[in-house]
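Structural characterization, general
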Amino acid sequence: LGFIKLWRYNYEKTFSKFLNSPTMGINREYLERQFESMDTFVKYITILGEFSATILSVTQETIGEVLKNYMEMLKDGTQPKTFKEFYEYWSKEIDKAYDKLFSTDDFSKLIAELTDATMIFKMRLDELMEDYLSFVPVPTKTEMDSLYKTVYELKKELKNTRKELDELKQDM
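Predicted model only: the values in this text are computed from it and were never measured.

**Comments concerning the confidence of the model for the chain**
For the chain, per-residue confidence averages 88 on the pLDDT scale, and 99% of positions sit at 70 or higher. Helix H2 (residues 15–19) is the least confidently modelled element of the chain, averaging 73 in pLDDT, while helix H4 (residues 83–102) averages 93, the highest of any element.

Dropping the structure here:
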(Lines give C-alpha, C1' and ligand atoms only; values in the text may rest on other atoms or scores of the structure.)
Protein backbone atom coordinates (compact mmCIF):
# COMPACT_ATOMS: atom_id res chain seq x y z
CA LEU A 1 0.00 0.00 0.00
CA GLY A 2 2.83 2.38 0.84
CA PHE A 3 4.54 1.59 -2.46
CA ILE A 4 1.36 2.29 -4.43
CA LYS A 5 0.86 5.62 -2.66
CA LEU A 6 4.50 6.56 -3.30
CA TRP A 7 4.26 5.50 -6.95
CA ARG A 8 1.08 7.54 -7.39
CA TYR A 9 2.66 10.60 -5.76
CA ASN A 10 5.79 10.35 -7.90
CA TYR A 11 3.76 9.78 -11.06
CA GLU A 12 1.66 12.90 -10.47
CA LYS A 13 4.80 14.98 -9.81
CA THR A 14 6.69 13.74 -12.89
CA PHE A 15 5.30 11.77 -15.80
CA SER A 16 1.76 13.11 -15.43
CA LYS A 17 3.08 16.62 -15.98
CA PHE A 18 4.75 15.47 -19.20
CA LEU A 19 1.54 13.88 -20.48
CA ASN A 20 -0.42 17.04 -19.73
CA SER A 21 2.06 19.41 -21.36
CA PRO A 22 1.11 21.18 -24.60
CA THR A 23 2.04 19.49 -27.86
CA MET A 24 2.71 20.79 -31.37
CA GLY A 25 2.19 19.53 -34.86
CA ILE A 26 -0.49 18.54 -37.33
CA ASN A 27 -2.02 15.88 -35.07
CA ARG A 28 -1.69 17.97 -31.92
CA GLU A 29 -5.32 17.49 -30.85
CA TYR A 30 -5.23 13.71 -31.29
CA LEU A 31 -1.91 13.47 -29.48
CA GLU A 32 -3.19 15.57 -26.58
CA ARG A 33 -6.30 13.40 -26.28
CA GLN A 34 -4.17 10.24 -26.34
CA PHE A 35 -1.87 11.62 -23.65
CA GLU A 36 -4.84 12.76 -21.59
CA SER A 37 -6.43 9.31 -21.89
CA MET A 38 -3.17 7.66 -20.89
CA ASP A 39 -2.85 9.96 -17.89
CA THR A 40 -6.40 9.29 -16.72
CA PHE A 41 -5.85 5.55 -17.21
CA VAL A 42 -2.72 5.53 -15.07
CA LYS A 43 -4.43 7.60 -12.37
CA TYR A 44 -7.40 5.22 -12.44
CA ILE A 45 -5.14 2.16 -12.18
CA THR A 46 -3.13 3.58 -9.28
CA ILE A 47 -6.24 4.55 -7.34
CA LEU A 48 -7.75 1.13 -8.06
CA GLY A 49 -4.52 -0.46 -6.82
CA GLU A 50 -4.65 1.60 -3.64
CA PHE A 51 -8.30 0.65 -3.12
CA SER A 52 -7.56 -3.07 -3.65
CA ALA A 53 -4.45 -2.97 -1.46
CA THR A 54 -6.38 -1.28 1.34
CA ILE A 55 -9.02 -4.00 1.34
CA LEU A 56 -6.39 -6.73 0.99
CA SER A 57 -4.33 -5.42 3.90
CA VAL A 58 -7.40 -5.37 6.18
CA THR A 59 -8.24 -8.90 5.01
CA GLN A 60 -4.72 -10.16 5.70
CA GLU A 61 -4.58 -8.56 9.14
CA THR A 62 -7.98 -10.00 10.05
CA ILE A 63 -7.10 -13.49 8.83
CA GLY A 64 -3.90 -13.32 10.87
CA GLU A 65 -5.88 -12.33 13.96
CA VAL A 66 -8.50 -15.01 13.32
CA LEU A 67 -5.82 -17.72 13.02
CA LYS A 68 -3.99 -16.44 16.11
CA ASN A 69 -7.26 -16.42 18.09
CA TYR A 70 -8.12 -19.88 16.75
CA MET A 71 -4.80 -21.23 18.05
CA GLU A 72 -5.57 -19.75 21.47
CA MET A 73 -9.06 -21.28 21.35
CA LEU A 74 -7.46 -24.64 20.52
CA LYS A 75 -5.34 -24.40 23.65
CA ASP A 76 -8.43 -23.56 25.74
CA GLY A 77 -10.59 -26.16 24.01
CA THR A 78 -13.14 -23.50 22.98
CA GLN A 79 -12.46 -23.64 19.23
CA PRO A 80 -15.28 -24.02 16.71
CA LYS A 81 -16.06 -27.73 16.33
CA THR A 82 -17.26 -27.74 12.73
CA PHE A 83 -16.21 -25.95 9.59
CA LYS A 84 -19.53 -24.11 9.59
CA GLU A 85 -18.86 -22.76 13.09
CA PHE A 86 -15.35 -21.70 12.05
CA TYR A 87 -16.72 -20.05 8.90
CA GLU A 88 -19.31 -18.13 10.93
CA TYR A 89 -16.61 -17.01 13.38
CA TRP A 90 -14.30 -15.94 10.56
CA SER A 91 -17.15 -14.25 8.67
CA LYS A 92 -18.19 -12.26 11.75
CA GLU A 93 -14.61 -11.08 12.35
CA ILE A 94 -14.03 -10.10 8.72
CA ASP A 95 -17.38 -8.24 8.68
CA LYS A 96 -16.32 -6.26 11.77
CA ALA A 97 -13.01 -5.37 10.14
CA TYR A 98 -14.69 -4.26 6.91
CA ASP A 99 -17.32 -2.26 8.78
CA LYS A 100 -14.53 -0.50 10.67
CA LEU A 101 -12.65 0.20 7.41
CA PHE A 102 -15.74 1.33 5.49
CA SER A 103 -16.70 3.82 8.20
CA THR A 104 -13.39 5.71 8.04
CA ASP A 105 -13.07 9.09 6.35
CA ASP A 106 -9.94 7.97 4.49
CA PHE A 107 -11.75 5.04 2.90
CA SER A 108 -14.74 7.15 1.83
CA LYS A 109 -12.32 9.67 0.28
CA LEU A 110 -10.61 6.78 -1.51
CA ILE A 111 -13.94 5.51 -2.86
CA ALA A 112 -14.79 9.04 -4.03
CA GLU A 113 -11.41 9.32 -5.77
CA LEU A 114 -11.88 5.91 -7.39
CA THR A 115 -15.37 6.82 -8.59
CA ASP A 116 -14.14 10.13 -10.03
CA ALA A 117 -11.12 8.51 -11.67
CA THR A 118 -13.30 5.79 -13.20
CA MET A 119 -15.78 8.32 -14.57
CA ILE A 120 -13.08 10.62 -15.98
CA PHE A 121 -11.21 7.70 -17.56
CA LYS A 122 -14.43 6.39 -19.15
CA MET A 123 -15.26 9.83 -20.56
CA ARG A 124 -11.74 10.32 -21.98
CA LEU A 125 -11.73 6.82 -23.45
CA ASP A 126 -15.11 7.39 -25.12
CA GLU A 127 -13.86 10.66 -26.61
CA LEU A 128 -10.71 8.98 -27.86
CA MET A 129 -12.69 6.09 -29.37
CA GLU A 130 -14.89 8.56 -31.22
CA ASP A 131 -11.75 10.20 -32.59
CA TYR A 132 -10.44 6.84 -33.77
CA LEU A 133 -13.79 5.87 -35.28
CA SER A 134 -13.90 9.11 -37.26
CA PHE A 135 -11.31 7.60 -39.60
CA VAL A 136 -13.51 4.62 -40.52
CA PRO A 137 -16.99 4.56 -42.03
CA VAL A 138 -18.73 3.70 -38.76
CA PRO A 139 -21.20 6.03 -37.06
CA THR A 140 -20.05 7.32 -33.69
CA LYS A 141 -22.16 7.61 -30.55
CA THR A 142 -22.34 11.37 -30.98
CA GLU A 143 -23.61 10.99 -34.54
CA MET A 144 -26.17 8.38 -33.47
CA ASP A 145 -27.33 10.56 -30.56
CA SER A 146 -27.77 13.46 -32.97
CA LEU A 147 -29.73 11.22 -35.34
CA TYR A 148 -31.98 9.97 -32.51
CA LYS A 149 -32.62 13.55 -31.39
CA THR A 150 -33.50 14.63 -34.96
CA VAL A 151 -35.87 11.69 -35.42
CA TYR A 152 -37.50 12.42 -32.06
CA GLU A 153 -37.98 16.09 -32.94
CA LEU A 154 -39.36 15.21 -36.39
CA LYS A 155 -41.84 12.76 -34.85
CA LYS A 156 -42.90 15.39 -32.36
CA GLU A 157 -43.30 17.97 -35.14
CA LEU A 158 -45.26 15.50 -37.29
CA LYS A 159 -47.56 14.71 -34.36
CA ASN A 160 -48.21 18.42 -33.78
CA THR A 161 -48.80 18.98 -37.51
CA ARG A 162 -51.29 16.10 -37.64
CA LYS A 163 -53.04 17.49 -34.59
CA GLU A 164 -53.30 20.93 -36.22
CA LEU A 165 -54.51 19.37 -39.49
CA ASP A 166 -57.19 17.42 -37.62
CA GLU A 167 -58.30 20.60 -35.86
CA LEU A 168 -58.51 22.42 -39.21
CA LYS A 169 -60.56 19.59 -40.69
CA GLN A 170 -62.96 19.74 -37.74
CA ASP A 171 -63.34 23.50 -38.14
CA MET A 172 -64.36 23.11 -41.80
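Once the structure has been displayed, the description carries forward.
**Overview of the environment of Lys43**
One can find Lys43 in helix H3 (residues 28–76). On the basis of relative accessible area, Lys43 is assigned to the partly exposed category, the value being 27%. Counting along the chain gives 35 residues from Lys43 to Thr78, while the straight-line C-alpha distance between them is 48 Å. Setting aside chain neighbours within four positions, we find Lys43 in contact with Tyr11, Glu12 and Ser16.

**Details of the side chain of Thr140**
Of note, Thr140 is situated in the loop between helix H5 (105–133) and helix H6 (141–171). The buried category is assigned to Thr140, whose relative accessible area is 7%. Apart from residues no more than four positions distant in its own chain, Thr140 is found in contact with Glu130 and Leu133.

**Quick look at H5**
Here H5 is 29 residues long and its end C-alpha atoms lie 42 Å apart, about the 42 Å a rise of 1.5 Å per residue gives. In this structure, the buried residues of H5 make contact with H3 and H4. The opening residue of H5, the one whose side-chain oxygen lies 3.2 Å from the backbone nitrogen of Phe107, is Thr104.

**Things to note about a nonpolar patch on the surface**
Together, Leu133, Phe135, Val136 and Val138 give the surface a local cluster of nonpolar side chains, amounting to about 340 Å² of exposed area. In this structure, Val136 sits in the loop between H5 and H6. When its relative accessible area of 39% is taken as the criterion, Val136 is described as partly exposed.

**With respect to the packing of H3 against H4**
The interhelical angle for the contact between H3 and H4, taken along N-to-C directions, is 140 degrees, at an axis separation of 10 Å. Considering the angle they form, H3 stands oblique to H4. Judged by the sense of rotation from one axis to the other, the crossing of H3 with H4 is right-handed. Of the residues in H4, those touching H3 at Thr54, Ile55, Val58, Thr59, Thr62, Ile63, Val66, Asn69, Tyr70 and Met73 are Phe86, Tyr89, Trp90, Glu93, Ile94, Ala97, Tyr98 and Leu101. Of the residues that constitute the contact of H3 with H4, the class distribution is 13 nonpolar, four polar and one charged.

**Structural notes on the pattern of salt bridges**
Inspection of the entire model under this criterion finds seven salt bridges. Taken together, the shared-partner salt bridges connect Glu36, Arg124 and Glu127 into one network.

**Describing the packing of aromatic side chains**
Applying the stated rule across the entire model yields seven aromatic pairs. Summarising the aromatic geometry, the rings of Tyr98 and Phe102 are spaced 5.7 Å apart at their centres and angled 10 degrees between planes, so their arrangement reads as stacked. On the criterion of helical spacing, the pair formed by Tyr98 and Phe102 is a turn pair, its members being four residues apart in helix H4. The class of Phe102 is partly exposed, set by a relative accessible area of 42%. Taken together, the aromatic side chains of Phe51, Tyr98, Phe102 and Phe107 make up a single cluster linked through ring pairs.

**Some details on a negative patch on the surface**
Negative charge collects at one region of the surface, where Glu61, Glu65, Glu72 and Asp76 lie side by side. Position of Glu61 among the secondary structure elements: in helix H3. Residue Glu61 is classed as exposed on the basis of its relative accessible area, which comes to 56%.

The rules behind these values
- Residues numbered from 1 in each chain as written.
- Predicted model: local features only at pLDDT ≥ 70, side-chain atom pairs only at ≥ 80, totals over all residues.
- Heavy atoms only, no water.
- pLDDT = per-residue confidence, 0-100.
- Helix = DSSP H or I, 4+ residues; strand = E, 2+ residues; numbered from the N terminus.
- Buried < 20%, exposed > 50% of the residue type's maximum accessible area, 1.4 Å probe, protein only.
- Contact = heavy atoms within 4.5 Å.
- Expected span 1.5 Å × (residues − 1).
- Polar contact = N/O pair within 3.5 Å; in protein donor to acceptor, adjacent residues only side chain to side chain.
- Patch = residues over 30% accessible without salt bridge, like charges linked within 9 Å, V, L, I, M, F, W, Y side chains within 5 Å.
- Areas by Shrake-Rupley, 256 points an atom, 1.4 Å probe, with all protein chains shown as cover.
- Salt bridge = Lys/Arg side-chain N within 4 Å of Asp/Glu carboxyl O.
- Axes fitted to C-alpha atoms, helices over the stretch in contact; angles between N-to-C directions.
- Parallel < 35°, antiparallel > 145°, perpendicular 65-115°, else oblique.
- Left-handed = near helix turned anticlockwise from the far one by under 90°.
- Nonpolar A, V, L, I, M, F, W, Y, C, P; charged D, E, K, R; others polar.
- Phe/Tyr/Trp six-rings, centres within 6.5 Å; stacked < 30°, edge-to-face > 60°.
- Lys, Arg positive; Asp, Glu negative; His and termini not counted.
- Charge placed at Lys NZ, Arg CZ, Asp CG, Glu CD.

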